[in-house]
Amino acid sequence: MLGNAANVDEVRRALDAGAEGIGLFRSEFLYMQGPALPDEETQFAAYRAAAELCGARPLTVRTLDIGGDKALPYMHFEPEENPFLGWRAIRVSLAMPELFRTQLRALLRASAFGNVRVMFPMIASVGEFRAAKAVVETCMAELDAEGVAYDRDIALGVMIETPAAVFIADELAARARFFSIGTNDLTQYVLAVDRGNRRIAAMYDTLHPAVVRAMRLTVDAAHRHGCEVGICGEFAGCAAHAELLVGLGFDELSVAPPSVPAVKERIRGLETPQAELTARRAVEAATASEVHELIGVG
Ligand code: PEP
Ligand code: MG
């Protein structure tokens, strides 16, 4: 069981609550708290502090995920008609190589002080993952030339948040060390339901069979290639969903610190064959209400 954190204090809170590492470290806070882009030293200090707290336990850092509903006051974001389909997440990082390089250098340097893993948000193609890996390799070559230590075997992963990533999960799994499904975004993109629009909030349902099947496709593809697969969306933080997620075969659940004890407790009480049966039935269900009924969630 891993924890989600948005800053170093939350890393401590997650570990204190019983998390065996961090499955999602949202790096945005570093970019949102100051008047300008954080430099390499500022980022290195934060990632190193988080890595040292985790020790041998994994610290999974997601690279900058802005755009959509998250802007940076000092950066120009052109108004867009569909910001969630626009300039956000990995698209911003790949379009701003200096910004991306600064973050990756800081992360690589921090990897010498713990078990750092790096994942990229909103990947929709093999090309994007390849391009991100190429920037990591450039940074490694720079650090080699400078004689700076880092973990040469650092794990690079893909956040599965787009339907495109689900449909090419085999190709991504063959190239990534791990997946983490971001169900907050995956649900909105699979169902075409804006996650922040209250008017259609009732339609936003991760238990919709389309989303459950997307999770199954992703988990199975990952395992075909020996790629570890976790889930870090808010959905995993509800103990009532644990049976479905364990039955679908997730290797790791990552949840907000306050949810760690209850979800852990629920997982301990599960029988794997029963959980697998529940998951199979959920995948075969025709409607969201059938899935709700199946797992006893209203
Ligand atoms: C997600 O989309 O599920 C996720 C974990 O990322 P965020 O909520 O930060 O977009
Ligand atoms: Mg997301």
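This text goes with the structure placed above it.
Not measured: the values here are computed from a predicted model.

K.L.:
Whenever I open this one, the nonpolar core confuses me. Can you help?
P.N.:
What tends to happen in soluble globular proteins is that the nonpolar side chains get buried as a cluster. Phe25, Phe120, Phe179 and Phe250 are the most contacted members of the largest nonpolar core, which totals 91 residues. Here this core gets eight residues from one element, more than from any other, and that element is helix H6 (residues 126-146). Ignoring sequence-local partners within four residues, the contact set of Phe250 consists of Ile181, Met215, Val219, Val229, Gly230, Ile231 and Leu245. Counting residues in hydrophobic clusters, the runner-up holds six residues, among them Met119, Ala155, Met159 and Phe178.

K.L.:
Help me understand the coordination of the magnesium ion (ligand 2), please; the structure alone is not making it clear to me.
P.N.:
Think of it this way: four donors in a tetrahedron around the metal ideally sit 109.5 degrees apart, and six in an octahedron ideally sit 90 or 180 degrees apart. Coordination sphere of the magnesium ion (ligand 2), protein contribution only: Glu161 (OE) and Asp185 (OD), at 2.1 Å. Of this pair, Glu161 sits in the loop between strand E5 (155-160) and helix H7 (163-167) while Asp185 sits in helix H9 (residues 183-191); the two residues are 24 residues apart in sequence, bridging distant segments of the chain. The two residues Glu161 and Asp185 agree in class, both being buried.

K.L.:
Can you help me understand the site of ligand 1 in this one?
P.N.:
Taken together, 14 residues form the shell around ligand 1, and within it Arg62, Glu161, Gly182, Asn184 and Arg195 come nearest. Arg62 is positioned with one of its side-chain polar atoms (N or O) 2.9 Å from an oxygen atom of ligand 1. The side chain of Arg195 places a nitrogen or oxygen atom 2.8 Å from an oxygen atom of ligand 1. Coverage of ligand 1 by the protein chains reaches 97% of its 290 Å² of free accessible surface. Given that more than half its atoms are within 2 Å of the pocket grid, ligand 1 belongs to the largest pocket. Among the elements of the structure, strand E2 (22-26) and H9 are those that each provide at least two residues to the shell around ligand 1. Take the shell around ligand 1: its biggest share by element is three residues, from H9. Residue composition of the shell around ligand 1, by class: three nonpolar, four polar and seven charged.

How each quantity is defined
- Residues numbered from 1 in each chain as written.
- Chains lettered and ligands numbered in written order.
- Predicted model: local features only at pLDDT ≥ 70, side-chain atom pairs only at ≥ 80, totals over all residues.
- Heavy atoms only, no water.
- Core = buried A, V, L, I, M, F, W, Y, C linked by side-chain atoms within 4.5 Å.
- Buried < 20%, exposed > 50% of the residue type's maximum accessible area, 1.4 Å probe, protein only.
- Helix = DSSP H or I, 4+ residues; strand = E, 2+ residues; numbered from the N terminus.
- Contact = heavy atoms within 4.5 Å.
- Donors = N, O, S within 2.8 Å, 3.2 Å for Na, K, Ca; no water.
- Near = heavy atom within 4 Å.
- Polar contact = N/O pair within 3.5 Å; in protein donor to acceptor, adjacent residues only side chain to side chain.
- Areas by Shrake-Rupley, 256 points an atom, 1.4 Å probe, with all protein chains shown as cover.
- 1 Å grid on protein atoms, 1.4 Å probe; cavity = no way out; pocket = protein on both sides within 12 Å on 5 of 7 lines; lining within 4 Å.
- Sits in = over half its atoms within 2 Å of the grid points.
- Nonpolar A, V, L, I, M, F, W, Y, C, P; charged D, E, K, R; others polar.

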